[in-house]
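Inside the fold
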Amino acid sequence: MGAKSQKKGADGERELVEHLRRAGYSVSWGGNRTYGAVPDASGLPGVHIECKRVERLDLYGAVQQAHSDS
């Protein structure tokens, strides 16, 4: 994955965390370059958050990734 794509993904993850915090959830950004070691956003017990910022979402692939990472 290229640097531009990684930055795009990390920006989306941080934006999601910001929205969740404003909604009252105590979550933190998992950080980039963790390669599935931690969720993209964590802090919700029993929930693995996988954030995707793409034009065409491969929902099946995203769910598979979240399942294998969790």
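1. Observations regarding the overall build of the chain
Helix and strand counts for the chain stand at two helices and two strands. Taken from N to C terminus, the helices and strands of the chain fall in the order α-β-β-α. Burial statistics for the chain: of 70 residues in total, 21% are counted as buried. Partitioning the intrachain contacts of the chain with sequence separation of at least 6 by distance along the chain shows that 27% fall at a separation of at least 24. Accessible surface, the chain: about 5200 Å² in total, of which carbon and sulfur atoms supply 53%.

2. A word on the pattern of salt bridges
Per the stated rule, a full pass over the model turns up five salt bridges. A salt bridge links Arg22 to Glu18, with the shortest nitrogen-to-oxygen separation between them at 2.4 Å. Linking Arg22 with Glu18, this pair stays in helix α1 (residues 3-22), spanning four residues, or about one helical turn. One salt bridge connects Lys52 with Glu50, and the closest N-O pair in it is separated by 3.4 Å.

Reading the values: the criteria
- Residues numbered from 1 in each chain as written.
- Predicted model: local features only at pLDDT ≥ 70, side-chain atom pairs only at ≥ 80, totals over all residues.
- Heavy atoms only, no water.
- Helix = DSSP H or I, 4+ residues; strand = E, 2+ residues; numbered from the N terminus.
- Buried < 20%, exposed > 50% of the residue type's maximum accessible area, 1.4 Å probe, protein only.
- Contact = heavy atoms within 4.5 Å.
- Areas by Shrake-Rupley, 256 points an atom, 1.4 Å probe, with all protein chains shown as cover.
- Salt bridge = Lys/Arg side-chain N within 4 Å of Asp/Glu carboxyl O.

In short, geometric facts, not functional conclusions.
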